[in-house]
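Letter by letter, the chains look like this.
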Amino acid sequence: MNIQDELAKLHEFYGTEELHPDLLPYLEKVDDMPMLRHPLVYFVPFSDMQSKHANRLYEHRKADVAAALRNGEPHRFVFAHERPYRLAAFQEYLETSVEDVTDSEYWRVLSSIWIDTENYWQNKKDWIDMFQAHRHDRLHFMDMEERMHLAMMDSEFTVYRGATYLDAQRGLSWSLSEERAKWFAKRLHQPGGPPPVVVEGAVRRGDVIGLLESRGEEEIVALPWNVVINKIGELE
């Protein structure tokens, strides 16, 4: 591809044009930084030169969402949305789809959203509601290897969680690794804020929603009240 072709391709995607009316309500400024935060199109920061690309992306994803809903494809529907909105998108799909989502598919899609999320604490209540759904086949929240590893664990075992604020000491995400919990505690610590801590707890295997290993975190997902806290230690 020569430079003229590359410039033509850039011009196809980037350029100033009037933003789609559906996107305008989601254009805002935070600390003088323009942001476009729509469930299907997310640009932080946002500039006028991205408006053409944003419009094309919106039209493409809107069509993808409609096709996924029409064809009964929950995973496709969810992941046509931007990351912060995927759990809400799954809830919307469950409410509006004419195709029933099987229990095993429910847990597979929920697991995919969880593994990809970076802000579960912002909608913790919704996650708890989804985890408490009256759905069978919860083992499908894990892959086959993860199921086997969980099945080989003791009936009750120790888990760890890195935290700072008191209300974060009871969460949904724990680790089998104390070192990993320490890493998270230090990462989350803000200068001048509460000291980072590692919470040690115990959970029964039967209360575990899932053991997830794809991110290398040896993550244990469990409802907060199913983990008995044994010790909280401050880090230096």
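Residues numbered from 1 in each chain as written. Predicted model: local features only at pLDDT ≥ 70, side-chain atom pairs only at ≥ 80, totals over all residues. Heavy atoms only, no water.

## Side note on the overall build of the protein
Now for step 1: Along its length, the protein carries eight helices and nine strands.
Now for step 2: With the C-alpha coordinates of the protein rotated into their principal frame, the extents come out at 60 × 50 × 35 Å.
Now for step 3: Here the contacts in the protein between residues at least 6 apart in sequence split such that 64% fall between residues at least 24 apart.
Now for step 4: For the protein, the computed accessible surface area is about 13700 Å², with 51% contributed by carbon and sulfur atoms.
Now for step 5: Averaging the positions of the 27 positive and the 41 negative side-chain charges in the protein gives two centres separated by 1 Å. (Helix = DSSP H or I, 4+ residues; strand = E, 2+ residues; numbered from the N terminus. Contact = heavy atoms within 4.5 Å. Areas by Shrake-Rupley, 256 points an atom, 1.4 Å probe, with all protein chains shown as cover. Lys, Arg positive; Asp, Glu negative; His and termini not counted. Charge placed at Lys NZ, Arg CZ, Asp CG, Glu CD.)

## Observations concerning the pattern of salt bridges
Now for step 1: For the structure shown, the criterion picks out 17 salt bridges.
Now for step 2: As a salt-bridge pair, Glu 28 and Arg 37 come within 2.7 Å of each other at their nearest N and O atoms.
Now for step 3: In this structure Glu 28 comes out as partly exposed when scored by relative accessible area, which is 34%.
Now for step 4: Across the pair Glu 200 and Lys 231 runs a salt bridge whose closest N-O atoms are separated by 3.7 Å. Pair noted here: Glu 200 is in strand E6 (residues 197-204) and Lys 231 is in strand E9 (residues 227-234), with a separation of 31 residues, a long-range link.
Now for step 5: Overlapping salt bridges, with partners in common, bring together Arg 83, Arg 86, Asp 116 and Glu 118 in one network. (Salt bridge = Lys/Arg side-chain N within 4 Å of Asp/Glu carboxyl O. Buried < 20%, exposed > 50% of the residue type's maximum accessible area, 1.4 Å probe, protein only.)

## Observations regarding a nonpolar patch on the surface
Now for step 1: A surface patch of nonpolar side chains, about 230 Å² in accessible area, is lined by Met 33, Tyr 42 and Val 44.
Now for step 2: Looking at the secondary structure, you find Met 33 in strand E2 (residues 33-37). (Patch = residues over 30% accessible without salt bridge, like charges linked within 9 Å, V, L, I, M, F, W, Y side chains within 5 Å.)

## Some words on the nonpolar core
Now for step 1: Val 41, Leu 110, Trp 114, Trp 127, Phe 131 and Phe 141 are the most contacted members of the largest nonpolar core, which has 52 residues in total.
Now for step 2: The dominant element in this core, judged by the number of residues it contributes, is helix H5 (residues 103-116), at six residues.
Now for step 3: With five residues, the next largest nonpolar core counts Ala 181, Ala 185, Val 198 and Leu 235 among its residues. (Core = buried A, V, L, I, M, F, W, Y, C linked by side-chain atoms within 4.5 Å.)

## Quick notes on the confidence of the model for the protein
Now for step 1: Counting all residues, the mean pLDDT for the protein is 90, and 92% of those residues have values of 70 or more.
Now for step 2: Predicted confidence in the protein is weakest over helix H1 (residues 3-13), with a mean pLDDT of 50, and strongest over strand E7 (residues 208-212), with 98. (pLDDT = per-residue confidence, 0-100.)

## A closer look at the sheet that holds E2
Now for step 1: Ordered in space as E1-E2-E3, the three strands form an open sheet in which the pairing is antiparallel. Either end of the sheet is taken by a strand with one partner, and the two such strands are strand E1 (27-30) and strand E3 (42-43).
Now for step 2: With two bridges connecting them, E2 and E3 associate as antiparallel partners. Counted as the bridge partner of Arg 37 is Tyr 42 from E3. (Pairing = 2+ DSSP bridges.)

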